[in-house]
Amino acid sequence: MATLHIRWQRLLIDHERTCERCGATEAAVDEAAGRLANALGALGIEVAVDKGALDDATFRADPSASNRIWLAGEPLEAWLAAEIGESACCGSCGGAACRTVTVDGTTYEAIPPELIVRAGLLAGARLVGGPKARAATSAGSCCTRADSPGTTRCC
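Values in this document were obtained by computation on a predicted structure and should not be read as measured data.

Draft legend 1. How the structure looks around the nonpolar core. Counting residues in each nonpolar core, the largest one holds 33 residues, and the members touching the most others are Leu-4, Ile-69, Leu-71, Leu-80, Cys-93 and Ile-116. Mapped onto this core, the elements with two or more residues apiece are β1 (2–11), α1 (20–41), β3 (68–71), α3 (76–80), β6 (97–103) and α4 (113–128). Non-local contacts of Leu-80, meaning those with residues more than four positions away in its chain, are made with Val-103, Leu-115, Arg-118, Ala-119 and Leu-122.

Draft legend 2. Spotlight on the state of the cysteines. The tally for this structure, following the rule as stated, stands at 0 disulfides. We note that Cys-19 lacks a disulfide partner, and the nearest cysteine sulfur, in Cys-22, lies 3.7 Å from it. Here Cys-89 is not cross-linked by a disulfide; its sulfur's nearest cysteine counterpart is in Cys-19, at 3.7 Å. Its relative accessible area of 16% is what places Cys-89 among the buried residues.

Draft legend 3. Seen up close, unusual backbone geometry. The phi angle at Ala-72 is positive, at roughly 55°, despite the residue not being glycine. Looking at the secondary structure, you find Ala-72 in the loop between β3 and β4 (74–75). Despite not being glycine, Ala-81 shows a phi value in the positive range, around 50°. Here Ala-81 lies in the loop between α3 and β5 (83–88). Assessed through its relative accessible area of 72%, Ala-81 is described here as exposed.

Rules and cut-offs
- Residues numbered from 1 in each chain as written.
- Predicted model: local features only at pLDDT ≥ 70, side-chain atom pairs only at ≥ 80, totals over all residues.
- Heavy atoms only, no water.
- Core = buried A, V, L, I, M, F, W, Y, C linked by side-chain atoms within 4.5 Å.
- Buried < 20%, exposed > 50% of the residue type's maximum accessible area, 1.4 Å probe, protein only.
- Helix = DSSP H or I, 4+ residues; strand = E, 2+ residues; numbered from the N terminus.
- Contact = heavy atoms within 4.5 Å.
- Disulfide = S-S within 2.5 Å.

So this is what it looks like as structure tokens:
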């Protein structure tokens, strides 16, 4: 059985607390994982979630590393053609400029479950294709142009 791996990481303060936006994203990751498990289970795909923690020093060096999600080894923003930005966060983060994601013209501080599900379905579609399809997609050559043999384009 294939597995869709979802990894999410955030700043953890005193090994237990996080900011409001990361807390909301954690709830969204849990909800999305359940929805994806239901949708992809019929296709023989399991969903596994790994929640990583950043310590304060790592976070201070790169605040955009917090509240970051990967699906099937690719960042959420790659699946959704999203842009990464930043905005001031709350007291837990010390007012750091934390990660935002802009999709279809809307900027999100906390990632909603719908975006995670959308990215997860795209990642699941890659898993359904088997190893050959995954290799072709990873290589970035999904089609061959009929008018120019040997050249590739993205479909």
